[in-house]
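# Analysis of the macromolecular model
The chain contents come next:
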Amino acid sequence: MQRRNQKIIEETPAPNLPKNIRNKMIDLAIHLAKTVNYRSAGTVEYIYDLKDNNVYYLEFNTRLQVEHAITECVIGIDLFECMIQVAAGESPNWIQMQQPPQGVSIEARLYVENPIKNFEPSSGILTYVKFPDNIRVDSWV
């Protein structure tokens, strides 16, 4: 889900995405990375068209994005550690990386907007914050 082109809610793996489409996206991402000789973690994004049951390339981010945490939760791999291993000339755990995702992970980002100013982004003031103990929290708060 997005608001003002900013991702707010993300879920992985994508629900109801056909297995053949998921495999096609993986194959295309690997092909793209090999074509440009890319050797690190990155994110390849696609748009999935339900009508024609096809995916279309959107962008290749040659860095980890903020949503990497939900990927780590379902694949059980520290992606930063993998990046460091590759940079050091070591080989990451390819067998673990090829395992199917386990479970589901959801990321929710909190944004503060000022309704008096047509819902412009606002830094806001936090007076109390408490997160549950049994979830992963990546925050600057």
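Here, every reference points to the structure presented above.
First, a word on scope: everything that follows refers to the structure included in this document. Residue numbers restart at each chain and count upward from 1, following the sequence in its written direction. Given that this is a predicted model, residues contribute local features only at a pLDDT of at least 70 and side-chain atom pairs are listed and counted only at 80 or more, while totals for whole chains, interfaces and linings are drawn from all residues. For side-chain calculations, the full set of non-hydrogen atoms in the structure is used, while hydrogens and water are omitted.

### Some points on the overall build of the protein
The condition is simple: Where helices and strands are cited, they refer to DSSP runs of H or I of at least four residues and of E of at least two residues respectively, numbered from the N terminus. For every residue, the accessible area (1.4 Å probe, protein chains only) is compared with the maximum for its type, and the residue is labelled buried under 20%, exposed over 50%, or partly exposed between those bounds. Contact between two residues is taken to exist if any of their heavy atoms lie within 4.5 Å; hydrogens are not considered. Every accessible area reported is derived by Shrake-Rupley at a probe size of 1.4 Å, with residue values counting cover from the shown protein chains alone. We treat Lys and Arg as the positive residues and Asp and Glu as the negative residues; His and chain ends play no part in the count. A charge is said to be at NZ when it belongs to Lys, at CZ for Arg, at CG for Asp and at CD for Glu.
The secondary structure content of the protein amounts to four helices and eight strands. Counting from the amino terminus, the protein carries its helices and strands in the arrangement β-β-β-α-β-β-α-α-α-β-β-β. For the protein, the residues scored as buried account for 23% of the 141 residues in total. The long-range share in the protein, meaning contacts at least 24 apart out of those at least 6 apart in sequence, stands at 51%. With the model as given, the accessible surface of the protein reaches about 11,000 Å², and the carbon-plus-sulfur share is 56%. Taken together, the 14 basic and 17 acidic charged side chains of the protein have centroids lying 4 Å from each other.

### Considering the packing of aromatic side chains
Definition in use: Centre distance within 6.5 Å is the pairing criterion for rings of Phe, Tyr and Trp, where only the six-membered ring of Trp is used; planes under 30 degrees apart are then read as stacked, over 60 as edge-to-face, and the remainder as tilted.
Applying the stated criterion to the full structure yields one aromatic pair. Seen in terms of ring centroids, tyrosine 38 and phenylalanine 60 are 5.1 Å apart; in terms of plane orientation they differ by 75°. Their pairing is edge-to-face. A residue pair is termed long-range when its members are at least 10 positions apart, and tyrosine 38 in the loop between α1 (19-35) and β4 (43-49) and phenylalanine 60 in strand β5 (residues 54-61) qualify at 22 residues. Here tyrosine 38 falls in the partly exposed class, since its relative accessible area comes to 22%.

The values reported here are purely geometric and, on their own, carry no functional implication.
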